[in-house]
Amino acid sequence: MIPVHRLAHAVQVAIADPLDFESLDALRYVLKTDVEPIVVPGDKIDQAISRYYGSTDESVEALIDSYSGDDLLVKAAATDGEGGDDVGEGDAPIIKMVYGMIMDAQRLKASDIHLEPLEKRLRLRYRMDGVLQEMRDPPKRLQSTIISRIKIMGNISIAERRLPQDGRISLAMQDGSSIDLRVSTVPTVHGESIVMRILDKSSLTLGLPQLGFLSDDQLLMERILGLPDGIFLVTGPTGSGKSTTLYACLNTLNKPDRKLITVEDPVEYELAGINQVQVNADVGMTFANALRAMLRQAPNIIMVGEIRDAETGGIAINASLTGHLVFSTLHTNDAPSAVTRLIDIGIKPFLVSSSVRAVMAQRLIRKVCSNCAQPYTPSEYELRALNLNASQISQANFRMGHGCDNCRGTGYKGRAGIFEILLVDDEIRNLINDQASVSVIRQRARDLGMRTLREDGIRKVVAGMTSPEEVISVTMGDKD
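Everything numeric here is computed off the predicted structure, so don't read it as measured data. (Residues numbered from 1 in each chain as written. Predicted model: local features only at pLDDT ≥ 70, side-chain atom pairs only at ≥ 80, totals over all residues. Heavy atoms only, no water.)

**Q** How should the pattern of salt bridges be read in this particular structure?
**A** When charged atoms on two side chains of opposite charge get close, those side chains can pair. Scanning the entire structure with this criterion turns up 30 salt bridges. We note a salt bridge from Arg 459 to Asp 456, for which the minimum N-O separation is 3.1 Å. Pair noted here: Arg 459 and Asp 456 are both in helix H17 (residues 453–462), with a separation of three residues, about one helical turn. Each of Glu 116, Arg 121, Arg 123, Arg 125, Glu 134 and Asp 137 takes part in one network of salt bridges that share partners. (Salt bridge = Lys/Arg side-chain N within 4 Å of Asp/Glu carboxyl O. Helix = DSSP H or I, 4+ residues; strand = E, 2+ residues; numbered from the N terminus.)

Next up, the structure:
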């Protein structure tokens, strides 16, 4: 079967066997709409699938049949291991297939490529704007060869299949640019699962406005970055854009008269003009040891990839108390929880209160596609969930994307941040010294003007940047 036309309440589908009711019913269930079959010869449908959806399994297998299994492995092993080889007509089909997979992900601006061995299929998914989308699966019988090729490109041992491994791929492009990918393998029941994170170097040049700050929050951030010392913490779950925010801060502060040093695990992006230290626990280069060494380098600004334990936190705090501006991340759900988290890992409350200058929690929300955005009337549930008042509703520019080729039918294109910024003033310091609960610190911070993640998201819904559905899905409601 192949789709032909999209009608108002149905999809016209070309099918070779109009009596195949089971397949038609399955298609109705998947599409959530009625299906109108049109009888077309099977060979014509095969030609159309090959033309519009790329090579079929049969054509891929025909290519592969021209090489024996040994030829494929020899050709794969003969490459330079860095993945920078040019893929020509004479190269093995597996090399072309993996190369094409990466190129497709780059073209679609995906952030991750997921190859997951299941019982009867090798599932391929791309993460686009934070959401996984299924792509055309590679043939299951090529699973081990494809995985071996990716491991060779990432300088990962193809002999080890029982333990997780990490690697890195650097692909040279024809236009002179390059693509860097971080590779992770994990053994599963049906084979090794591979995730390739595409490291987007364009995020290194971002400034504060491109992150999604509105004007008042941007001024607040500029004040924080202008501080002479202290710690600035960015919190949020994995994939919430913490590293991108810290890199944007470092870009803003990277001037010839300042010395910046970072300690990261791993160093994903190389920044011009900044000294970057790679953590290597195998040789004793831990976060704590790297930090101690960094302080003897007389830096002005320090970035610690993550505060994971009391030792790292203690050294970072001592660095901030001796005149350094320190940036770091923590894994907490909101900004007030960060100060209690530091106390929980063993740092004295008076050290936390005297060193932490500000904490920012953040999340990423998808932006409405500018190509297909249309005015939108929120449902009663959405208005109630966002707790919008009459004046906000009257001034709002509610928009929703209806899906187009530009956004692959999702209605969203690109992402921006929503933020919760806690400034630590004298009143908050007293609460930290008294070891007040998170709820007490949060309430006092809100009395002093802190906006929650939900409230910042509401402002971006009203401005037409995103949809109510998106903000509701990524933020928690405020108790009041």
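From this point, the discussion proceeds with the structure in view.
**Q** When you look at the state of the cysteines in this model, what are you seeing that I'm missing?
**A** In protein chemistry, a disulfide is the covalent bond that joins the sulfur atoms of two cysteines. Inspection of every chain in the model, using the stated rule, returns zero disulfides. Free cysteine: Cys 369, not disulfide-bonded; nearest cysteine sulfur from Cys 372 at 3.8 Å. (Disulfide = S-S within 2.5 Å.)

**Q** Looking at this structure, I do not really get the side chain of Glu 420. What am I missing?
**A** Of note, Glu 420 is situated in strand E18 (residues 412–423). Reaching out from Glu 420, the side chain makes a polar contact with the backbone nitrogen of Leu 453 at a distance of 3.2 Å. Dropping the residues within four chain positions of it, Glu 420 is found in contact with Asp 334, Ala 335, Pro 336, Val 359, Met 360, Ala 361, Arg 442, Met 450, Arg 451, Thr 452 and Leu 453. (Polar contact = N/O pair within 3.5 Å; in protein donor to acceptor, adjacent residues only side chain to side chain. Contact = heavy atoms within 4.5 Å.)

**Q** What exactly am I supposed to notice about the nonpolar core here?
**A** One broad trend across soluble globular proteins is that nonpolar side chains are buried collectively. In this structure, Leu 233, Val 263, Leu 291, Leu 342, Val 352, Ile 428 and Ile 432 are the most contacted members of the largest nonpolar core, which totals 39 residues. With 31 residues, the next largest nonpolar core counts Leu 115, Ile 147, Ile 194 and Met 196 among its residues. (Core = buried A, V, L, I, M, F, W, Y, C linked by side-chain atoms within 4.5 Å. Buried < 20%, exposed > 50% of the residue type's maximum accessible area, 1.4 Å probe, protein only.)

**Q** Whenever I open this one, the sheet that holds strand E4 (residues 112–117) confuses me. Can you help?
**A** Working definition: the strands of a sheet are paired by backbone hydrogen bonds and lie parallel or antiparallel to each other. In spatial order, the strands read E6-E5-E4-E9-E8-E7; together these six strands make up an open sheet with antiparallel pairing. Strands with a single pairing partner mark the edges of an open sheet, and in this sheet they are strand E6 (131–134) and strand E7 (165–172). Averaged over all pairs of adjacent strands, the angle between strand axes in this sheet comes to 25°, irrespective of strand direction. One ladder, built from four bridges, connects E4 with strand E9 (residues 191–199); its direction is antiparallel. Bridged to Leu 115 within E9 is Ile 194. Here helix H6 (residues 143–153) sits on the sheet and contacts E4, strand E5 (122–128), E7, strand E8 (178–188) and E9; the angle it forms with E9, its principal contact strand, is near 45°. (Pairing = 2+ DSSP bridges. Axes fitted to C-alpha atoms, helices over the stretch in contact; angles between N-to-C directions.)

**Q** Mind showing me how you'd approach the packing of aromatic side chains here?
**A** Remark: the centre distance and the inter-plane angle together describe each pair of aromatic rings, the angle taken between the planes. What the rule picks out here adds up to two aromatic pairs. Their ring planes at 10° and their centres at 4.0 Å tell us that Phe 213 and Phe 419 sit as a pair that is stacked. With Phe 213 in the loop between E9 and helix H7 (215–225) and Phe 419 in strand E18, the pair connects residues that are 206 residues apart, well separated along the chain. This pair shows no difference in class: Phe 213 is buried, exactly as Phe 419 is. (Phe/Tyr/Trp six-rings, centres within 6.5 Å; stacked < 30°, edge-to-face > 60°.)

Any functional reading would require information beyond the geometric quantities listed.
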